[in-house]
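If you want the building blocks of each chain, they are given just below.
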Amino acid sequence: SGAAAQNIYGVVYGNLTLNNSTKTLAGGSPAIQGNLSINGTGIFSPTTLVSFVGTGAQSISGAGTLNFNGGLEVSKLSGTLTFSKALSITSGLSVLSGTLDLGNNLTTMNTGSFVNDGTTISGNGGNLLVAGTCDFSGTGPLTLRDLTTQVATGIATINNANWAITGDIVNN
């Protein structure tokens, strides 16, 4: 961690804390076995896939904003990855195994596919915002509180019959 620009390498990390700068990928795709904490603005740049691969509970938290420009992958043998903050995802979200809990936050899907072969849930205040073209597929259960699409840009194509939305579907 530190306030200057940080290089993120394509290695396996335990807990990872990022402070106040754009993160530059120095090669490969990082995998996180522990928690990710963002303090300030975190943008994974250039576009690279970030994977969560730990067992047990993991979280994405912190006071800052976070953009996964190259996509986000959950591939956990057991346990739950919890979003404890609002975040933005571009180039897709894949829940290959394990559980993803969107929490009580706004999760923005800008573009790409949302493949859910694990389990995805959201808290009572959770909202999934589709801000671009996004295809939803997979065989795993997906339970959302609210789903919002933006009229001018948000297109959600749902190819997964295992969905439940317990709140509102809004097209604004």
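(A) Spatial organisation of the side chain of T108. Position of T108 relative to the elements: it lies in strand β12 (residues 106-109). T108 has contacts with L87, S88, I89, L129 and A131, leaving out every residue within four places of it along the chain.

(B) How the structure looks around the pairing of strand β11 (residues 93-101). Two elements, strand β9 (residues 72-83) and β11, share 7 bridges in a ladder whose sense is parallel. By the bridge assignment, L81 is partnered in β11 with L100. Bridge analysis of β11 against strand β13 (residues 112-116) gives 3 bridges, and the strand direction is parallel. Counterpart to S94 in the pairing with β13 is V115. Pairing analysis gives 3 bridges linking β11 to strand β14 (residues 119-121), with the strands arranged parallel. Paired with D101 across the strands is I121, a residue of β14.

(C) Spatial organisation of the nonpolar core. Membership of the largest hydrophobic core comes to 32 residues, with the highest contact counts inside it found for L36, F52, I60, F68, F83 and F114. Contacts of I60, omitting those with residues within four sequence positions, involve L36, F52, L66, F68, L81, T82, F83, S84, K85 and L87.

Rules and cut-offs
The residue count restarts for each chain, going from 1 along the sequence in the order it is written. Restriction of local features to residues with pLDDT of at least 70 applies here, the model being predicted, together with a cutoff of 80 or more for giving and counting side-chain atom pairs; totals for whole chains, interfaces and linings are based on all residues. Each side-chain value is derived from all of the structure's non-hydrogen atoms; neither hydrogens nor water enter the calculation. A helix here means a DSSP run of H or I that spans at least four residues, while a strand means a run of E at least two residues long, and both kinds are numbered starting from the N terminus. Any pair of residues with heavy atoms lying within 4.5 Å of one another is described as a contacting pair. Paired strands are those between which DSSP finds at least two bridges. By nonpolar core is meant a set of buried Ala, Val, Leu, Ile, Met, Phe, Trp, Tyr and Cys residues that side-chain atoms within 4.5 Å join together. Throughout this description, buried means an accessible area under 20% of the type-specific maximum (1.4 Å probe, protein chains only), exposed means over 50%, and partly exposed covers the range between.

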